[in-house]
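Geometric and topological summary
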Amino acid sequence: MTDVRALVHRFDQDTGTHASMLNKLRAAVLGANDGVISTAGLVMGVAGATTNTAALATAGIAGLVAGALSMAVGEYVSVSAQRDSERALLAKEEHELRTMPEEELEELTRLLQEKGMSDAVAREAARELTAHDALAAHADIELRLDPDDLTSPTHAAVSSLIAFALGALIPLLAMVLSPPSTRVVVTVVAVLLALFLTGFLSARAGDAPVARAIVRNVIGGVLAMGITFAIGTLVGTQIG
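In this report, we go over the structure that sits alongside the text. Since we're looking at a predicted model, the values are computed, not measured. (Residues numbered from 1 in each chain as written. Predicted model: local features only at pLDDT ≥ 70, side-chain atom pairs only at ≥ 80, totals over all residues. Heavy atoms only, no water.)

Here we take up the environment of A194. Mapped onto the elements of the fold, A194 is located in helix α6 (residues 183-206). A194 gets classed as buried once you look at its relative accessible area, which sits at 8%. In this structure, the C-alpha to C-alpha distance between A194 and A32, residues 162 residues apart in sequence, is 9.2 Å. Apart from residues lying up to four places away in sequence, A194 is in contact with V36 and I170. (Helix = DSSP H or I, 4+ residues; strand = E, 2+ residues; numbered from the N terminus. Buried < 20%, exposed > 50% of the residue type's maximum accessible area, 1.4 Å probe, protein only. Contact = heavy atoms within 4.5 Å.)

Structure (structure tokens):
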């Protein structure tokens, strides 16, 4: 007889695994993108007010550390709430499996039918999956969860921190390592190249139009740098 569990995974495995990987890639790219734009805006604002390398480095490093920690804390809190919700859903499903097993079997059968299985195959698959591990079956097919691999707040926090820091290093290093006469131009070019890349990667990860994502990303970065540089120049002139 056909291995119905393998048949179920033919419908689910690629979608679930690839979606999870793409979500992680998209989160990393967006974290790096935030690091590029926010730090570029910060150092450009300071560059508008002063040409002092020490001041630029201090502001850039402070922005990198503060931004990375803020991203990490935000991700930790957000993913912790998500994991709590996932655990609550699993607990609810476990309770329903104990108190109304027949209804849950019918529900699993219907879900498999909705994936394109015939009535007979769906019923056989539902019975075998329930006998093997009912909670895992419902978590996978109904909730799109893996009880043994729930989202990790710590992993998300560390990933966001690293992605933001790597992105932030681009404008920071471009600004402080370039000669004073060309540092603004070098930083703008480095940031635009980085934004082109993150826009491209985020579009590919999300299966979105590439050109639109790149243009949107680059325009946002240019506006951030231009506005903060103008403000920094104005403030520096008034204070100086």
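Looking now at the side chain of E104. Inspection of the secondary structure assignment puts E104 in helix α3 (residues 101-114). Here E104 occupies a buried position and makes no salt bridge, while the nearest side chain of opposite charge, K92, is found at 7.2 Å. Aside from chain neighbours lying at most four places away, what touches E104 is E93, E96, L97, H138 and E142. (Lys, Arg positive; Asp, Glu negative; His and termini not counted. Salt bridge = Lys/Arg side-chain N within 4 Å of Asp/Glu carboxyl O.)

It is worth spelling out the pattern of salt bridges at this point. Oppositely charged side chains may form a pair once their charged atoms are brought near each other. Applying the stated criterion across every chain, the model contains five salt bridges. A salt bridge links K92 to E96, with the nearest nitrogen and oxygen atoms 2.8 Å apart. Taken together, the residues K92 and E96, both in helix α2 (residues 53-99) and four residues apart, mark about one turn of the helix. Overall, E96 belongs to the buried group, its relative accessible area being 16%. Of the charged contacts in the structure, one is a salt bridge between D119 and R123, with a shortest N-O distance of 3.2 Å. Taken together, the positions of D119 and R123, both in helix α4 (residues 119-141) and four residues apart, correspond to about one turn of that helix. By relative accessible area, R123 is classed as partly exposed at 29%. One salt-bridge network, in which partners are shared between bridges, spans E106, D119 and R123.

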